[in-house]
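Here is how the chains run, residue by residue.
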Amino acid sequence: MLNRRILRVKAFQNLYAYEQCKGSNLNLAKDFIKESFLPDLNSMEVQDKAALNREAELAIKLFDENLESTESLKSSDASQKVKQVVLEALKQFKAANQKDREFLLKNMVVSAERIPQLYLLAIEFLQAFAAHVAKEFDKKRKFNGDDPAGFANELNLANNQVLKHIRESDAYNAAVARNNANLDDLELEISEWFRDYIKPSEEYQAYIKISNPTLEQDFEIADELLKKIIFKNEVILNYFAEKDLNWTENKSVVRSLASKVLKNSSLLNETDSNQLPEIAMNWEEDKEFFQNIFNFTIENDAESKALISQKTKNWDIERLAFTDKIIISMALAEMKNFPSIPVKVSINEYIDISKTYSTPKSKQFVNGLLDVMSKELTESGEIRKSGRGLLDNK
């Protein structure tokens, strides 16, 4: 299965995108207000530009005051035109936000579901390069006779024990078929990429000088080729980018999972069931988990910002790192709405996300703030744990 840390990261990435969309929608709504009070160049009447500017400023102020309102405008002495413009701007703003929210939620799920295919394709590239080596060796043997002296070590990759173990895994082959992870249409590219990128590499040249590589050496070359060529070479990466619109966000996760497959497969006593970290039988439960994280964080946005503001009185909340606000809001949503997840687990997960996606000082800031907030919210009864969540917090 995809572990929940990966799902939290996916939710964070899409919440980050959602906040950026909201910012753009806010600017568009304010542009609409400003344009509504521009002088009418087709009118024969004299245009009072100063009065129009005052109305535009009043309308924007009224708009800001009612961003969180779900009903009619708060009482105001503004003119009917100002009120109408503000109501229309709010309508457009909220409709655009809702559209973006629905798109990103769907995109988040589709992106996560594609991850198994991507990391299996990465492994399949290694298998294709190994098969290419065997094919080229056969050509040399036919040309030079049955014992082509000096070429034997070139079979090292073809005989790589880690890749062989994966190839012979029923679970792996079933996953490849199920996720349509095949490179059948890339035979020419595989040949060219091996010639241009794999064969000249220092790691590969050192590897084919070894007689009878150990299991550890087989793992090391496979992992090196994966990380230093497949996930570094722009030509090969373009293949993945064409497969996945979210490749920039997914790349690090896919690389990590592919490397994990290699590592697990280097332990030859491991069973196939432990070999593939892919979406498994409880995917529907996990999908619901990170959809809920996404939705709860958005729905509790105003409340979360208020809580953060209370605990950062010496800070303007708008000055806090954009990513920190999202991370803390996600943690609050999780702690409040998932009673079986221990508070300690939630805090540690979001600290880890802050290490990767926020500022160098974010780890300490997120840790300190969540620790204080979680204790107070538990005492007030807003955080209630049950089952495993309760036991693990003792």
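This text follows the structure it describes.
To keep things clear, this report deals only with the structure shown in the data block. (Residues numbered from 1 in each chain as written. Predicted model: local features only at pLDDT ≥ 70, side-chain atom pairs only at ≥ 80, totals over all residues. Heavy atoms only, no water.)

### Some thoughts on the overall build of the protein
- In terms of regular secondary structure, the protein is built from 16 helices and zero strands.
- Looking at the protein as a whole, 46% of its 394 residues qualify as buried.
- Considering only contacts in the protein between residues 6 or more positions apart, those separated by 24 or more positions represent 78%.
- About 21400 Å² of surface is accessible on the protein, with carbon and sulfur atoms providing 50% of the total. (Helix = DSSP H or I, 4+ residues; strand = E, 2+ residues; numbered from the N terminus. Buried < 20%, exposed > 50% of the residue type's maximum accessible area, 1.4 Å probe, protein only. Contact = heavy atoms within 4.5 Å. Areas by Shrake-Rupley, 256 points an atom, 1.4 Å probe, with all protein chains shown as cover.)

### Quick notes on the environment of Asp-244
- With respect to the helices and strands, the residue Asp-244 is situated in the loop between α9 (234-243) and α10 (247-265).
- Given the relative accessible area of 1%, Asp-244 is considered buried.
- Remark: the alpha-carbon pair of Asp-244 and Arg-114, spanning 130 residues in sequence, is separated by 7.7 Å.
- For Asp-244, the side chain forms a polar contact with the side chain of Asn-250, separated by 2.7 Å. (Polar contact = N/O pair within 3.5 Å; in protein donor to acceptor, adjacent residues only side chain to side chain.)

### Comments concerning the nonpolar core
- Counting 53 residues, the largest nonpolar core has Phe-125, Phe-129, Leu-157, Ile-230, Phe-240 and Leu-262 as its most contacted members.
- Contributions of two or more residues to this core are made by α3 (80-144), α4 (161-167), α5 (170-178), α6 (187-198), α7 (202-207), α8 (215-230), α9 and α10.
- Top contributing element to this core by residue count: α3, with 14 residues.
- For Leu-262, the contacting residues outside a window of four places in its chain are Ile-123, Leu-126, Val-162, Leu-163, Ile-166, Phe-219, Ala-222, Asp-223 and Leu-226.
- If you look at the next biggest cluster of nonpolar residues, it comprises 40 residues, including Leu-7, Leu-104, Phe-338 and Ile-383. (Core = buried A, V, L, I, M, F, W, Y, C linked by side-chain atoms within 4.5 Å.)

### A short note on α8
- Taking 1.5 Å per residue, 16 residues should reach 22 Å; α8 reaches 21 Å between its end C-alpha atoms and fits that length.
- Of the positions making up α8, those classed as buried are Asp-218, Phe-219, Ile-221, Ala-222, Asp-223, Leu-225, Leu-226, Ile-229 and Ile-230. (Expected span 1.5 Å × (residues − 1).)

### Here we look at helix α14 (residues 343-357)
- Taking 1.5 Å of rise per residue, 15 residues should cover 21 Å, and α14 covers 21 Å from first to last C-alpha, within 8% of that figure.
- Taken together, the buried residues of α14 touch α1 (4-36), α11 (283-299), α13 (322-337) and α15 (362-379).

### As for the side chain of Asn-246
- As for its placement among the helices and strands, Asn-246 is situated in the loop between α9 and α10.
- If we ignore the near neighbours within four places in the chain, the residues touching Asn-246 are Asn-107 and Ser-111.

### Notes on the packing of helix α12 (residues 301-311) against α15
- At a minimum axis distance of 11 Å, the contact between α12 and α15 shows a crossing angle of 110°. When the interaxial angle is binned, α12 and α15 end up roughly perpendicular. The interaxial crossing formed by α12 with α15 has right-handed handedness. Along its contact with α12, which presents Leu-307, Ile-308 and Lys-311, the element α15 presents Leu-369, Val-372, Met-373, Glu-376 and Leu-377.
- Partitioned by chemical class, the residues of the contact of α12 with α15 number six nonpolar, no polar and two charged. (Axes fitted to C-alpha atoms, helices over the stretch in contact; angles between N-to-C directions. Parallel < 35°, antiparallel > 145°, perpendicular 65-115°, else oblique. Left-handed = near helix turned anticlockwise from the far one by under 90°. Nonpolar A, V, L, I, M, F, W, Y, C, P; charged D, E, K, R; others polar.)

### Regarding the environment of Lys-260
- Structurally, Lys-260 is set in helix α10.
- You can call Lys-260 partly exposed: its relative accessible area is 41%.
- A sequence separation of 141 residues divides Lys-260 from Tyr-119, and the C-alpha atoms of the two residues are 9.9 Å apart.

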